[in-house]
Amino acid sequence: PEGFARLADRLWEERGLASLLTVGPGEETLATEILAHTRTGRLVQVDVNLKEFLALARRAQLFVGGDTGPMHLAAAAGTPIVAIFGPTSARRNGPFRTTDRIVERFDLACRTDCYRRRCSHTSCMKIPVDPVWEAILNRLETSHRTLSVLPKYA
C-alpha cells in the first residue's frame, strides 16, 4: 500500500498526473490502506464495472498495476502500461507490447515457474518503488498519447 501511495504522490508532484485507484471485490481494505498513505490527496478511489474500467483505460495516460484482469483490459485498450509481476512471469502473462515496461524480481529461486496463489512468504511481492518509478518515467517518455491531464489545484 505504501508503495502505490508513494507512486501516486510522485506522479502528481513531478508530472501533474492525478491517479485513480480502481478496486475489485474484496480489495476494499487494501484500497483504504493505500489511500491512507497518500500525502497529496491526488489519488482518488473510483468504483467501476468492467465496461467502465475499459472506458477509463482508453483515456488513461498510464496503467500501473500487477498481473491482473485490469492490466489485460488496459493492454487491450492500448493504454501505456507499467506491469508489476510477483509470482507470475511476464514472459507468460504479458503485457506484450515492446513499449510497455515490466518490473519483476529475478533474485528469488522460488519464482521459477511459480504461479501459486498462496505462499509461506511473500518475497516476490516486495517490489521496491524506485524501479517502478524508473519504469513509469521511461514508459511516459515512450508514450504517444496526447490526452490532457487533470489541472493542478492549489
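Refer to the structure printed above.
The rules behind the values
- Numbering of residues begins from 1 in every chain and follows the order in which that chain's sequence is written.
- Only residues with pLDDT of 70 or above have their local features reported here, since the model is predicted, and side-chain atom pairs are shown and tallied only from 80 upward, although totals for entire chains, interfaces and linings are computed over all residues.
- With hydrogens and water stripped out, all remaining heavy atoms of the structure feed into the side-chain values.
- The term nonpolar core refers to a set of buried residues drawn from Ala, Val, Leu, Ile, Met, Phe, Trp, Tyr and Cys, joined through side-chain atoms within 4.5 Å.
- The cut-offs for exposure are 20% and 50% of the maximum accessible area for each residue type, with area from a 1.4 Å probe on protein chains only; residues under the lower value are buried, those over the upper are exposed, and the others partly exposed.
- Secondary structure elements are defined from DSSP: runs of H or I of at least 4 residues count as helices, runs of E of at least 2 residues count as strands, and each element is numbered from the N terminus.
- Only heavy atoms matter for contacts: two residues are in contact if any of them lie within 4.5 Å across the pair.
- Aromatic pairs are defined between Phe, Tyr and Trp rings, using the six-membered ring for Trp, whenever the two ring centres lie within 6.5 Å; interplanar angles under 30 degrees are classed as stacked, those over 60 as edge-to-face, and all others as tilted.
- Only lysine NZ and arginine CZ atoms are considered, and such an atom sits over a ring when it is within 6 Å of the ring centre and within 35 degrees of the ring normal.
- What makes two strands pair is DSSP finding at least two bridges between them.
- The convention used is that axes are lines fitted to C-alpha atoms, helices contributing only their stretch in contact, and that angles between N-to-C directions extend from 0 to 180 degrees.

Thoughts on the nonpolar core
Thought 1: Among the nonpolar cores identified, the biggest contains 15 residues, and Val82, Val132 and Ile136 are the most heavily contacted of them.
Thought 2: Going through the elements one at a time, α1 (2–15), β4 (81–85) and α6 (129–142) are the ones with two or more residues in this core.
Thought 3: No other element matches the seven residues that α6 contributes to this core.
Thought 4: Every residue in contact with Ile136, bar those within four places of it in the chain, is listed here: Leu7, Leu11, Leu62, Val64 and Val82.
Thought 5: Judged by nonpolar contacts, the second largest core, of 11 residues, contains Phe53, Phe63, Ala74 and Ala83.

Some thoughts on the side chain of Ser143
Thought 1: By secondary structure assignment, the location of Ser143 is in the segment after α6.
Thought 2: Leave out the neighbours within four places in its chain, and Ser143 touches Gln61 and Pro80.

Section: the packing of aromatic side chains
Thought 1: Counted under the stated rule, the structure contains one aromatic pair.
Thought 2: Measuring from centroid to centroid gives 6.3 Å for Phe53 and Phe63, while their planes differ by 85°, and the two rings are edge-to-face. Residue Phe53 is found in helix α3 (residues 50–59), and its partner Phe63 is found in strand β3 (residues 63–66); the two are separated by 10 residues along the sequence.
Thought 3: Judged by its relative accessible area of 8%, Phe53 falls in the buried class.
Thought 4: We classify Phe63 as buried; its relative accessible area is 12%.
Thought 5: Sitting over the face of the ring of Trp12, Arg42 holds its NZ or CZ atom 4.9 Å from the ring centroid.

Some thoughts on the sheet that holds β3
Thought 1: What the three strands build is an open sheet, ordered β3-β4-β5; its pairing is parallel. With one partner strand each, in any of the chains shown, β3 and β5 (101–104) form the two edges of the open sheet. Ignoring which end each strand starts from, the neighbouring axes of this sheet average 15° apart.
Thought 2: Bridge analysis of β4 against β5 gives four bridges, and the strand direction is parallel. Within β5, the residue paired with Ala83 across the bridge is Ile102.
Thought 3: Across the sheet, α6 is in contact with β3, β4 and β5; its angle to β5 comes to roughly 175°.

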